[in-house]
Amino acid sequence: MLEISDLCASYDGVPALRSVDFQVGARERVAILGPNGAGKTTLLKTISGTVGVDTGVIRFEGQDLHSQPPHKRVEAGIVHVPQGRMIFASMTVADNLRLGSHRSGAQHRHDERLDLVLEIFPALAGMLNRDGGALSGGQQQMLAVARGVMACPRLLMLDEPSMGLAPRAADSVFEGIARLLESETTATIVVEQRAHEALEICDRACVLESGEVVLEASNRALLSDERLAAAYLGSEI
Amino acid sequence: MVEFLQFLVPGILIGGVYALLASGLGLIFGVMRVVNFAQADFMMLAMYLSWALFAGGVGLDPFLAVPAVFFVFLLLGMAVHWLFIRFVIGRRENHDAQVILTIGLGLIFQNLILIKYSSEPRVVAPSYANSGDFIADIFVSRVRLYAFLLSVLVAALVFLFLNRSATGRAIRAASENWEAATYMGVDIDRTNRIAFGVGVALTAVGGSALVTFQSITPFVGLRFVVVMFAAVVLGGLGSVRGAFVGGVLIGIIQSVSQVWTSAAVKNVWVFALFLLILYVRPNGLFGKAQRAI
């Protein structure tokens, strides 16, 4: 579904991704792990088109994305839930969700998707008329994920859904994401610092370090191999 | 009391037109962070269009010409965005280019009109131009009342467009956070183009509301540019609602100050209020803390 080959990207001449090869199959869930500054967010941004590519090819369902502006990529079904939530603080929760359905393939399915996201994140149900900015951090993150789900994604990319959240709030966000991935078959990429939680909901992990892919393994292999776990996932596992 | 109201009511009426002029400027700034110094010259062009439609044999009433003016300037604004503005949007280092571009456009508009129509003042005087009615002992000029009602109606329609339509929602989203809007599949270039067109058209309609009591010259924009900018800053940069309220406030201050002081110094009072409000609320009445772009 998504095929990336020999991808290089940089910020002002400083390389951020070096010759990355990366694939996601239909219905596959892939975790991207790695330390801060490894290039995880940059990789997602090259896929959604908000960061340019120096060399290399990104194909989505066989189509080269090179000349596609970001909004065309959303039209194709690539939906990016960005780091830091980026909800529209001055707009209501309902309007935020409606913007999630902006994609032409999603507009007529708004009501049906709304039911789904409220099932996944019941906490949002009573807050539809509240301004996004009035929500707690955890609720804003739920809204950000829900907004992405509204778009009926074919490839959903979640960038650090637990970032900046208290542990309990992060847990409930992950519970929601787990419910989502149970009921939907969408291909999903999760970038996450909390490696263990990410692996629990994914089939496979890809570890980035200094802009390079240093390891690709199934979650089972990663979790069962103590040496790998210690080297790449930190001591928390 | 009646004397006071006799100043207050015209102040509110002209304030409604200022509000419309300013909300166009405010919309453009709010959505794409471009300070359009040519805004008042778009207003001037619209006044000449209303005059040409009225005096040029068609005899079209300036208030009835408003839909045509709106449509023409919507397209003109979108064309100017496509031809020029889109190339100077976004990066911080583009700010100088934005200033030079929009001031340059304004100068070109002024001088093209000067060449075509000379600097002779033009007036649009429909049959009812000097009539008015006493409403509860207060004299209300008919053209100013129409101008006010028109401004409120157009502002209400644009408010509905921004709040209820998918495109309007996308414009508001892009103005709050263009990157997040991009992730929703919003075509930023398109929303900017539409917002620039609508912003120019709003100010243009404000201009054609003015023609029945304001003579038209190629440099008439200079009379209003200060009011427009003051209204936008007063209301809070980036807030269309703020620009509207700011415009009404300025109209009221200009008019009511004449109870105590000469009309010649009415703008002194405007700037006194301007400084006072910015001292108390540095981001304007409805403004939020500015984000870096």
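The rules we used
- Residues numbered from 1 in each chain as written.
- Chains lettered and ligands numbered in written order.
- Predicted model: local features only at pLDDT ≥ 70, side-chain atom pairs only at ≥ 80, totals over all residues.
- Helix = DSSP H or I, 4+ residues; strand = E, 2+ residues; numbered from the N terminus.
- Rg over C-alpha atoms; globule rule 2.2 N^0.38 Å.
- Buried ≥ 20, exposed ≤ 12 C-beta atoms within 10 Å, placed from the backbone.
- Contact = placed C-beta atoms within 7 Å.
- Pairing = 2+ DSSP bridges.
- Axes fitted to C-alpha atoms, helices over the stretch in contact; angles between N-to-C directions.
- Nonpolar A, V, L, I, M, F, W, Y, C, P; charged D, E, K, R; others polar.
- pLDDT = per-residue confidence, 0-100.
- Parallel < 35°, antiparallel > 145°, perpendicular 65-115°, else oblique.
- Expected span 1.5 Å × (residues − 1).
- Core = buried A, V, L, I, M, F, W, Y, C linked by C-beta atoms within 7 Å.

Draft legend 1. Representation of the overall build of chain B in the model. When helices and strands are counted, chain B shows 11 helices and 2 strands. Order of helices (α) and strands (β) in chain B, N terminus to C terminus: α-α-α-α-β-β-α-α-α-α-α-α-α. Here chain B has a C-alpha radius of gyration of 19 Å; the compact-globule value for 293 residues is 19 Å, and the two agree. Structurally, chain B occupies a C-alpha span of about 55 × 50 × 35 Å along its principal axes. Here chain B holds 293 residues, and 53% of them are scored as buried.

Draft legend 2. The environment of phenylalanine 121 of chain A, seen in detail. Residues and elements named next belong to chain A. Along the chain, phenylalanine 121 falls in the loop between helix 5 (110-120) and helix 6 (137-150). Residue classification places phenylalanine 121 among the buried residues on the basis of 25 C-beta atoms within 10 Å. Along the backbone, phenylalanine 121 and glycine 176 are 55 residues apart, and their C-alpha atoms lie at a distance of 5.8 Å. Filtering out sequence-adjacent residues up to four positions away, phenylalanine 121 remains in contact with Met142, Ala146 and Gly176.

Draft legend 3. Representation of the sheet that holds strand 10 (residues 212-218) of chain A in the model. All names here are of chain A. Overall, mixed pairing links the 6 strands, which are arranged 6-7-8-3-9-10 in an open sheet. Edge strands, defined here as strands with exactly one partner in the open sheet, are strand 6 (78-81) and strand 10. Between one strand axis and the next, the sheet turns by 15 degrees as a mean value, whatever way the strands run. Sheet strands in contact with helix 1 (residues 40-48) are strand 3 (29-33), strand 6, strand 7 (155-159), strand 8 (187-191) and strand 9 (204-209), and its direction is about 145 degrees off that of strand 7.

Draft legend 4. Up close: the sheet that holds strand 5 (residues 63-64) of chain A. All names here are of chain A. One open sheet holds the 4 strands; their spatial order is 2-1-4-5, and the pairing between them is antiparallel. Both outer strands of the open sheet, strand 2 (14-24) and strand 5, are each paired with one neighbouring strand and no more. Pairing of strand 1 (residues 2-11) with strand 4 (residues 55-60) involves 5 bridges; the strand directions are antiparallel. Within the sheet, the bridge partner assigned to serine 5 lies in strand 4 and is valine 57.

Draft legend 5. Molecular detail of the pairing of strand 9 of chain A. Residue and element names in this part refer to chain A. As paired strands, strand 3 and strand 9 are joined by 4 bridges and run parallel to one another. Across the sheet, residue leucine 33 finds its bridge partner in strand 9, namely valine 207. Pairing geometry for strand 9 and strand 10, over 6 bridges, is antiparallel. Its bridge partner lying in strand 10, cysteine 206 is registered against glutamate 216.

Draft legend 6. Representation of the environment of leucine 8 of chain B. In this structure, leucine 8 of chain B sits in helix 1 (residues 2-32). Residue classification places leucine 8 of chain B among the partly exposed positions, given that 16 C-beta atoms sit within 10 Å.

Draft legend 7. View of the interface of chain B and chain A. In this assembly, 15 residues from chain B lie in contact with 19 residues from chain A. For the side of chain B that touches chain A, the secondary-structure elements that each account for two or more residues are helix 6 (166-176) and helix 7 (178-183) of chain B. Here the residues of the side of chain B that touches chain A are counted per class, giving 7 nonpolar, 3 polar and 5 charged.

Draft legend 8. Spotlight on the environment of phenylalanine 42 of chain B. Residue and element names in this part refer to chain B. When you line up the elements, phenylalanine 42 lands in helix 2 (residues 39-55). Separated by 68 residues in the primary sequence, phenylalanine 42 and glutamine 110 place their C-alpha atoms 9.5 Å from one another. Among all residues touching phenylalanine 42, those that are not within four sequence positions of it are Phe73, Val200, Thr203 and Ala204.

Draft legend 9. Quick look at the confidence of the model for chain B. All names here are of chain B. Looking at chain B, pLDDT values average 91 and 97% of them are 70 or higher. Highest mean pLDDT in chain B belongs to helix 3 (residues 66-83) (97); lowest belongs to strand 1 (residues 132-135) (87). The ipTM for the predicted assembly is 0.92, set against a pTM of 0.90.

Draft legend 10. Main features of the pairing of strand 2 (residues 138-141) of chain B. Sheet topology note: the strand 1 of chain B/strand 2 of chain B ladder contains 4 bridges and is antiparallel. Residue pairing across strands places isoleucine 135 of chain B opposite isoleucine 138 of chain B, the latter belonging to strand 2 of chain B.

Draft legend 11. Spatial organisation of the packing of helix 5 (residues 142-164) of chain B against helix 6 of chain B. Residues and elements named next belong to chain B. Two elements in contact, helix 5 and helix 6, have axes whose closest approach is 5 Å; the angle formed by their N-to-C orientations is 80 degrees. When the axis of helix 5 is compared with that of helix 6, the two are roughly perpendicular. Where helix 5 abuts helix 6, its residues Phe161, Leu162, Asn163 and Arg164 lie against Gly168, Ile171 and Arg172.

Draft legend 12. Main features of helix 2 of chain B. All names here are of chain B. Its 17 residues give helix 2 an end-to-end C-alpha distance of 24 Å, which sits within 8% of 24 Å, the value for a rise of 1.5 Å per residue. Of all 17 residues that make up helix 2, 15 are buried, and the element is covered over most of its length. Following helix 2 by one or two positions, glycine 57 has its phi on the positive side, about 95 degrees.

Draft legend 13. Structural context of the nonpolar core. Core analysis: the largest hydrophobic core is formed by 169 residues, its most contacted members being Ala146 of chain A together with Met47, Ala204, Met228, Ala231 and Val232 of chain B. With 15 residues, the single largest contributor to this core is helix 1 of chain B. Excluding residues that lie within four positions of it along the chain, alanine 231 of chain B makes contacts with Tyr18, Ala19, Ala22, Ala243, Gly246, Gly247 and Ile250 of chain B.

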